[in-house]
Amino acid sequence: MVTRFLKESGIVQHIGKILAKLVDNEILSKLEARNLSYGERARLIQRDPVTCSQYFDQRFRALTKTWNSPHGPFQHHEKIHHYHRIEFQQRGSPHVHMLAWLKDAPTYDANDELSTIRVTEFIDSIISSSSNELHSDLKKLQTHQHSHTCKRGNQNTCRFKIPYFPMKTTQILKPLSDDYPEDHKNELRKKLKKIEDGKEDLASLEKNFEDFLSTLANPVKNVFSFQPSHRVKE
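So, how was this worked out
- Residues numbered from 1 in each chain as written.
- Predicted model: local features only at pLDDT ≥ 70, side-chain atom pairs only at ≥ 80, totals over all residues.
- Heavy atoms only, no water.
- Phe/Tyr/Trp six-rings, centres within 6.5 Å; stacked < 30°, edge-to-face > 60°.
- Helix = DSSP H or I, 4+ residues; strand = E, 2+ residues; numbered from the N terminus.
- Buried < 20%, exposed > 50% of the residue type's maximum accessible area, 1.4 Å probe, protein only.
- Expected span 1.5 Å × (residues − 1).
- Arc of directions from axis to C-beta.
- Polar contact = N/O pair within 3.5 Å; in protein donor to acceptor, adjacent residues only side chain to side chain.
- Pairing = 2+ DSSP bridges.
- Axes fitted to C-alpha atoms, helices over the stretch in contact; angles between N-to-C directions.
- Contact = heavy atoms within 4.5 Å.

1. Examining the packing of aromatic side chains
Move 1: Within the structure shown, the criterion is met by three aromatic pairs.
Move 2: Note on F56 and F60: the rings are 6.3 Å apart at their centroids and 0 degrees apart in plane angle, and the pair reads as stacked. Taken together, the positions of F56 and F60, both in helix α4 (residues 49-64) and four residues apart, correspond to about one turn of that helix. Both residues of the pair, F56 and F60, count as buried.
Move 3: Among the aromatic side chains, those forming a connected cluster through ring pairs are F56, F60, W67 and F74.

What follows is the structure in C-alpha cells.
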C-alpha cells in the first residue's frame, strides 16, 4: 500500500539568481531573487528552460540520497519503492509528484481503532504542521500564496480550499453513517459554512487553536469535538 505522497517544487526561489545572471547578465541578491514577481519569474524560466530542468534534476537526485538515511525525512522507515512523475509549468518550471512505499509503515483499517492510533502516530513522526522551528525562508516555501490559479471562472474562493480546515491533532476523518439524521447533517453544514467564511481572515492572525475556536463563537466548538464515526442510537 502507498505510504506517502510527496511533491517537490519551489525551484524558482532557488534558481532565480542563476537565471538572472545567465539570461540578463544581472547579479541579484538572495532577497531580490526571492522577491521576483510572478511575471518576471515566468519570463526567466521561459528564456532558459534547459537550465531549469538541469538544476531541478540535480536537486531531485540529491534529495533521493537522503531517503534511506535514519536522519532523513522517513527516519527509520526504509523506502522500499517509489514512483514519480515530473510535470512542467510556466513553460519550463518542473515539479515532481511522487508515491513512496515505506518499510514497516502501519496500515489503516477503518474497523480497527488501534490501527487509527498507529497510523496517526506514524504520520506525526514524519510530518509536522508546526512552523515554530522552521527558518523563515523554509516557512515561506511551505506557505500557500493565493494567485490567479486559485480562482477560476466565477470562483471567489481558493479552489484548493486553503486555508485548510483546522485541527488540534492529527485526525483520520470518517464519513457520516448512512443512518445519521438529515437534520443533524444540515446543522453541521451550517456550522461548517460559518467556519469556511471566517477561516480566511483568521488564518492571517497569530492564534492558537483554542483562541481560534473562541473567535468563531462557542457553538462552533461542537464541530471540532464531533466524532465522524459516531452512530446515533435508534
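2. Some thoughts on helix α5 (residues 113-126)
Move 1: Taking 1.5 Å of rise per residue, the 14 residues of α5 would be expected to cover 20 Å, and the 21 Å separating its terminal C-alpha atoms lies within 8% of that figure.
Move 2: Along α5, the positions that sit buried rather than exposed are S115, T116, V119, T120, F122 and I126. One face of α5 carries all of its buried residues, which in axial projection span an arc of 160 degrees. For α5, exposure combined with an orientation more than 90 degrees from the buried face picks out E113, L114 and E121.
Move 3: The N-terminus of α5 is capped by D112, whose side-chain oxygen sits 3.0 Å from the backbone nitrogen of L114.

3. Here we look at the pairing of strand β1 (residues 4-8)
Move 1: Alternating positions in β1 separate cleanly, R4, L6 and E8 being buried on one face and F5 and K7 remaining unburied on the opposite face.
Move 2: Strand direction decides the pairing type here: β1 and strand β3 (residues 93-102), joined by five bridges, are antiparallel. Bridged to L6 within β3 is M98.

4. Some details on the sheet that holds β1
Move 1: Overall, antiparallel pairing links the three strands, which are arranged β1-β3-β2 in an open sheet. The open sheet has two edge strands, β1 and β2 (79-89), and neither has a second partner. The mean angle between the axes of side-by-side strands here comes to 20 degrees, regardless of whether they run parallel or antiparallel.
Move 2: The pairing of β2 with β3 spans 10 bridges and is classified as antiparallel. The residue bridging I86 from the neighbouring strand is V96, located in β3.
Move 3: Packed onto the sheet, α4 meets β1, β2 and β3 and runs at close to 20 degrees relative to β3.

5. Let's talk about the environment of T3
Move 1: Relative to the helices and strands, T3 resides in the segment before β1.
Move 2: The exposure class of T3 is partly exposed, given its relative accessible area of 22%.
Move 3: Sequence separation of T3 and P106 is 103 residues, and the distance between their C-alpha atoms is 8.6 Å.
Move 4: Residues within four places of T3 in sequence aside, it is in contact with A100, W101, L102, A105 and F122.

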